[in-house]
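# Observations on the model geometry
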Amino acid sequence: MTTGRAVARPPTASGRYTPPIPRRVRVSPKWMGPLILALLIGGALTIVFNYFDVMPAGPSNWYLVVGIVFIAGGFVVATQYH
């Protein structure tokens, strides 16, 4: 009975070249983070203020729509953040 030494072999490369992603593509502007927060918080506050009857024209379904659009816009901007 012979015992050998186990040798780890490096993984074989696929042989395909993948170019690196340019740095300008991977970096988001500095204002994008505050925009995400402003849209999400603004949408939530619009909905909450509507329910507490703080909005200028009184409670309205349009304020709910505006709040939901702001929140959805915040999510859309957040998916583009790098």
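From a predicted model like this one, the values you see are computed outputs, not experimental measurements.

Reading the values: rules and limits
Residues numbered from 1 in each chain as written. Predicted model: local features only at pLDDT ≥ 70, side-chain atom pairs only at ≥ 80, totals over all residues. Heavy atoms only, no water. Helix = DSSP H or I, 4+ residues; strand = E, 2+ residues; numbered from the N terminus. Buried < 20%, exposed > 50% of the residue type's maximum accessible area, 1.4 Å probe, protein only. Contact = heavy atoms within 4.5 Å. Patch = residues over 30% accessible without salt bridge, like charges linked within 9 Å, V, L, I, M, F, W, Y side chains within 5 Å. Areas by Shrake-Rupley, 256 points an atom, 1.4 Å probe, with all protein chains shown as cover. Salt bridge = Lys/Arg side-chain N within 4 Å of Asp/Glu carboxyl O.

### Regarding the overall build of the protein chain
Helix and strand content of the protein chain: 3 helices and 0 strands. Listing the helices and strands of the protein chain from first to last along the sequence gives α-α-α. Across the 82 residues of the protein chain, 18% fall into the buried class. Considering only contacts in the protein chain between residues 6 or more positions apart, those separated by 24 or more positions represent 62%.

### Focus: the side chain of Thr46
Locating Thr46 in the fold gives a position in helix 2 (residues 32-51). The exposure class assigned to Thr46 is buried, which follows from its relative accessible area of 12%. Apart from the residues within four sequence positions on either side, Thr46 is in contact with Met55, Tyr63, Val66, Gly67 and Phe70.

### Examining the environment of Ala72
Of note, Ala72 is situated in helix 3 (residues 61-79). Classification of Ala72 as partly exposed rests on a relative accessible area of 38%. Note: C-alpha distance between Ala72 and Leu40 (32 residues apart in sequence) is 8.0 Å.

### Looking at the environment of Ile36
One can find Ile36 in helix 2. A residue is classified by how much of its surface remains accessible, and Ile36, at 11% relative accessible area, is buried. Contacts of Ile36, omitting those with residues within four sequence positions, involve Gly74, Val77, Ala78 and Tyr81.

### Things to note about unusual backbone geometry
Of note in the backbone geometry, Asp53 takes a positive phi value of approximately 60° without being a glycine. Following the sequence through the fold, Asp53 ends up in the loop between helix 2 and helix 3.

### Structural notes on a nonpolar patch on the surface
Judged by side-chain polarity, Leu37, Ile41, Leu45, Val48, Phe49, Phe52 and Val54 come together as a nonpolar surface patch covering roughly 670 Å² of accessible area. Of the residues examined, Val48 reaches a relative accessible area of 36% and is grouped as partly exposed.

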